[in-house]
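Structural characterization, general
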Amino acid sequence: MEEVFERIAGALDADYVEFRYHRRISTSIRYANGEFEDFSRREKAGVGVRVLRSGSWGFSNTNDTSPEAVKEAAEKAYRMAGALGEGGARLAEARFFRGEYVTPGFEGLLEEPLEEKARFVLDLYKVDRPGSVKSVTVIYRELLDERHVWNTDGANARSREARPEYIVFATAMEGGETYVRWDGNGVLGGRGDLLSLGDPVELSRTVVSEAGALVTAPRPRGGKYRLILSPSIVGLLSHEAIGHTVEADLVESGSAVSGKLGQRVASPIINLVDSGLEMPGSPPGTIIFDDEGVIASRTYVIREGVLRSYLTDRERAARLGIEPTGNARAWDHSVPPIVRMRNTYIEPGDWTLEELIEDTEEGYLLEGGGGGQADANAEFFFSIQKVKRIEKGEIAATLRGTAITGQAFEVLSSADAATREWSMSMNTGHCGKIQPAKVAGGGPYLRVVAQLAGVSG
Amino acid sequence: MISEAERILERVRGLGDQVEVIIHRSRGYSARIESNRILMPSASSEEGVGIRVIVSGSEGFSHSNRVGSFMEVAEAARRIARVSEAKGVTLPSGGEYVEVRNFDPELEAAEPELVVELARRVLSAASEVSHDVVVDLSTVDIWVTEFAIANSEGVSVSHSSTGVSYAVVAFAKRGGKVSSFDFRQESRSRLGELELEDQVRDLAEQVLMSLDTGRLGEFRGPIMLSPEAFAVFLGSVATALSADNVLRGRSPLAGKLGHRAFSESLTIVDDGLRGDSPSSSPADREGAPRSRNTLVENGVVKTYMHRHYTAMRMNARNTGNASSFSTLPVVAPTNMEVLPGEAGKEELLESVDRALWVSRLSAMPDHMGNVSGTVKGGWLIEKGEWVRPVREVQISGNVFEALRNVLGVSRERRRVSTHLLPFVLLEGLSVTG
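Take the overall build of chain A next. Along its length, chain A carries 11 helices and 22 strands. Taken over C-alpha atoms, the radius of gyration comes to 23 Å for chain A, in line with the 23 Å a tight globule of 457 residues would show. Across the 457 residues of chain A, 57% fall into the buried class.

Quick look at the overall build of chain B now. Broken down by element type, chain B carries 10 helices and 24 strands. Against the compact-globule benchmark of 22 Å for 433 residues, chain B has a radius of gyration of 23 Å, which places it among compact chains. Taking the principal axes of its C-alpha atoms as reference, chain B extends roughly 70 × 50 × 35 Å. For chain B, buried positions account for 58% of its 433 residues. By sequence separation, contacts in chain B at least 24 residues apart represent 72% of the contacts at least 6 residues apart.

A separate point is the packing of helix 4 (residues 114-129) of chain B against helix 5 (residues 196-209) of chain B. All names here are of chain B. Where helix 4 meets helix 5, the closest approach of the two axes is 8 Å, and the angle between their N-to-C directions is 40°. Taken as axis vectors, helix 4 and helix 5 run oblique relative to one another. Between helix 4 and helix 5 the crossing geometry is right-handed. Between helix 4, through Arg121, Val122, Ala125, Ala126, Glu128 and Val129, and helix 5, the contact on the second element is made entirely by Leu196, Glu197, Val200, Arg201, Ala204 and Glu205. Of the residues in the contact of helix 4 with helix 5, the class split is 7 nonpolar, no polar and 5 charged.

As a further point, take the domain arrangement of chain A. All names here are of chain A. Looking at chain A, the domain boundaries give domain 1 (2-214) and domain 2 (223-453). Distance between the C-alpha centres of domain 1 and domain 2: 22 Å. Residue-level contacts link 42 residues of domain 1 with 29 residues of domain 2. Secondary-structure elements contributing two or more residues to the side of domain 1 that touches domain 2 are strand 1 (16-32), strand 2 (35-53), strand 3 (56-62), strand 5 (133-151), strand 6 (156-174), strand 7 (177-186) and helix 6 (200-214). By residue number, the principal contributor to the side of domain 1 that touches domain 2 is strand 7, which donates 6 residues. The residue inventory of the side of domain 1 that touches domain 2, partitioned by class, reads 19 nonpolar, 10 polar and 13 charged.

This paragraph deals with the domain arrangement of chain B. How big an interface is tends to be reported as the loss of accessible area on association of its parts. Residue and element names in this part refer to chain B. Assigned domains within chain B: domain 1 (2-208) and domain 2 (215-433). Just the C-alpha atoms count here: the centres of domain 1 and domain 2 sit 23 Å apart. Opposite the 41 residues of domain 1 that make contact, domain 2 presents 30 residues. At the level of elements, strand 1 (18-34), strand 2 (37-55), strand 3 (58-64), strand 4 (133-151), strand 5 (156-174) and strand 7 (182-188) are the ones that each hand at least two residues to the side of domain 1 that touches domain 2. Top contributing element to the side of domain 1 that touches domain 2 by residue count: strand 7, with 6 residues. Among the residues making up the side of domain 1 that touches domain 2, the classes are represented as 13 nonpolar, 18 polar and 10 charged.

The next thing to look at is the sheet that holds strand 17 (residues 360-363) of chain B. Residues and elements named next belong to chain B. With antiparallel pairing, 4 strands are arranged side by side in an open sheet as 17-18-21-24. Of all strands in the sheet, those with a lone pairing partner are strand 17 and strand 24 (430-432), marking the two edges. When strand polarity is set aside, the average angle formed by the axes of neighbouring strands in this sheet is 30°. Both strand 21 (residues 393-398) and strand 24 contribute to a ladder of 3 bridges, which runs antiparallel.

All right, on to the interface of chain B and chain A then. Facing the 48 residues of chain B at the interface are 46 residues of chain A. Looking at the side of chain B that touches chain A, the elements that each hand over two or more residues are strand 2, strand 3, helix 2 (70-83), strand 4, strand 18 (370-376) and strand 21 of chain B. It is strand 2 of chain B that provides the largest number of residues to the side of chain B that touches chain A, a total of 10 residues. Sheet topology places strand 2 of chain A next to strand 3 of chain B; 4 bridges connect them, and they run parallel. When the sheet's bridge partners are listed, A:Glu43 is paired in strand 3 of chain B with B:Ser64.

Attention now goes to unusual backbone geometry. Residue and element names in this part refer to chain B. Phi at Asn298 is positive, roughly 45°, even though this residue is not glycine. Residue Asn315 is not a glycine yet carries a positive backbone phi of 55°. Its location among the elements puts Asn315 in the loop between helix 8 (308-313) and strand 13 (322-323). The class of Asn315 is exposed, set by 6 C-beta atoms lying within 10 Å.

Ranked by size, the top nonpolar core spans 140 residues in total, and within it A:Leu229, A:Leu366, A:Ala408, B:Val122 and B:Ala170 carry the most contacts. Not counting chain neighbours up to four residues away, the residues in contact with B:Ala170 comprise B:Ala126, B:Val133, B:Val134, B:Val135, B:Asp136, B:Phe181, B:Asp182, B:Leu203, B:Ala204 and B:Val207. Ranked by size, the runner-up nonpolar core spans 118 residues in total, among them A:Tyr140, B:Val12, B:Phe147 and B:Leu429.

When a strand is regular, its side chains alternate between the sheet's two faces. Residue and element names in this part refer to chain A. Alignment of strand 16 (residues 379-391) against strand 17 (residues 394-400), held across 6 bridges, turns out to be antiparallel. Counted as the bridge partner of Ile390 is Ile395 from strand 17. Linking strand 16 to strand 17, which pair antiparallel, is a turn of 2 residues; within it Lys392 sits at a positive phi near 50°.

Rules of the game
Residues numbered from 1 in each chain as written. Chains lettered and ligands numbered in written order. Predicted model: local features only at pLDDT ≥ 70, side-chain atom pairs only at ≥ 80, totals over all residues. Helix = DSSP H or I, 4+ residues; strand = E, 2+ residues; numbered from the N terminus. Rg over C-alpha atoms; globule rule 2.2 N^0.38 Å. Buried ≥ 20, exposed ≤ 12 C-beta atoms within 10 Å, placed from the backbone. Contact = placed C-beta atoms within 7 Å. Axes fitted to C-alpha atoms, helices over the stretch in contact; angles between N-to-C directions. Parallel < 35°, antiparallel > 145°, perpendicular 65-115°, else oblique. Left-handed = near helix turned anticlockwise from the far one by under 90°. Nonpolar A, V, L, I, M, F, W, Y, C, P; charged D, E, K, R; others polar. Domains from an automatic or database assignment. Pairing = 2+ DSSP bridges. Core = buried A, V, L, I, M, F, W, Y, C linked by C-beta atoms within 7 Å.

Here's what the structure looks like:
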């Protein structure tokens, strides 16, 4: 298609033209209460065109990929850019991807019979459940994406990417109490890559049995404690509470870290990374190149406690005087790219979890990040599925989930130990900033001081 | 468009016992605002074909954004129906439709530059109040949309509508102090109906008021939810009133039909026919007639929201709440309304010794209504006097419990998207300052 793109772009009197062809085949299955609540397949394809004209942007899309329709879309984007008159946008120099990246396993998932996808879900549903577990829901989602990003600055990047994922929810009810436990996994890769992260049936068994065990468990007391956060909570904190504040669009609107590059923002043991490149476990935020065609970076956001970089697209990189990091992402062809995260994590330390627990006189080990919210000022509130009380260096009791709250940079400044055990474990995550995006998060077990909320003391 | 849907139906009806074809097309323009700057005006056009095939009581669904690929779509739907398990699904056969006039020729004929003009109106309304107000991460949209549904049981219906909407987010910034953000959103079918300036001015004043916050300290008393904060609670009620969730055992309102589940002052209506809303139409996503339904009357649950399958399973009247063209039908509200009370919001505040004003609530209740979250734009109010803005206030409790303890619903109402909501004074939530 690049000849078509080149010809259309050449006919416009624009500073920059970018075409993104994107085709997605998605399969969704949701099984609960003994029936398929959803079983569907969707296909979406088209071209998104972005034009920079006299320093102002315009965007347009079309689901018709014929040269005539793409040309018409480009002309519309050109007109939309004209509606703003003269603007100040310009683009930083960047390293572009040229060639094709194909996820192993793409073809396998594309050709896998629907019966096998259904069987995968049913196997997870049919695990034994204690009497208190009233319902189990299994969700399977699969995104098969073909992308082609071409622009007048030299990008010509193609990919075929597969992202399968599953989630198991178990709801237990007993003695007037309701408790929901969930977990899942996801990957950039094929069926084999997903299975290599751990046995899904085993995960389902754990979720279902823990729901039953924890529904009648007591809740922890609220208060400020030494808390050991598990990798999924470290991931949630890194993404929601830190990551969003370093996204260049939010930096420009005055987030908690505006103007703080080079300053200490966390404990010296904190190295926080956002990476779109291949890494162990192939988490689903791996993108190789972004939707401006820029080669994705492995960016140290925080290194040894010091704020080192924001996450940015080319326009904001130029304005902020930093290198583009390959963080411009679009959910599909119909929307323009915006600044998004990829795989966001804190690097491991040198403790073992056992040592960390032994070293904690009194506190809690928090497992299983739930949902959460955070503001641009880095104040956050996350729900936690499972809590273990630590007394005199030993696990004294397993309790029901609660919530954790605080200001993320203050919490990371209190961090004093991180483990060697490390994982990406937010692999079923979708970030919902304006448009959805597949992201992941993770890290080591991290000991911090923060507020356990929502339960009276 | 309806003849196109019927032609496709003729081609694919042999693939199952029952077959449904949906076609939808839309085009529109949008613009974004970040940090008081208008960015990226966009033009968009989309179409789609969704086909549901039912084989021996089990259903399969597939969708594509190219209507021309309907044959592949129908084949995929048939394959899924065969793999899926039977649950006795059928399709509706239509009914009496009420005419809905939510089409504005002015919006249909609008030039793309109109969205830029609307974005400028947002910015000038905010800056008229104060230059310390920053409008951020906001959008304005205009669109025209059309759908047609035809099925093998005799449904044949189509509808065109227009829409204009904004979602404006703003915060205030003065001398190194930054307020938390707040938002307003409104969605209308006609350009002339938009209350854009009033809403944005009110938003700007609200965020300016929450600049100099202090600690709340010890607090006991009711809280006053703004329409936007109340929308979080109403979301839980709508989820619980969905017959999908009742059938799946996920609703705390299961078994509550005909019972008083809320305070007497609460009457909640869902109206799929309102001409001022772009979400309205004569038919729902399955082609069943939409209607105006009182869901909760003076605190008593009158009906759940249904689609064809749930109404059949529960032996109830179909309220016409099937939604979502690109997926299997799901139950969703259309345009919700909470009927107004008699007292004004200031009178309600004067009626209690102390109250906590909640402009925005950062919280996500679970499906049982358990909620804990953070109050944004909070104010301490004593005997109707606005004492001081407060920060770092947490609330926790249960939405359904709190809605049994409503002290008053205001006369004033505000549009939140297409919903029409009052200020609500209630107790029963714990507040930690």
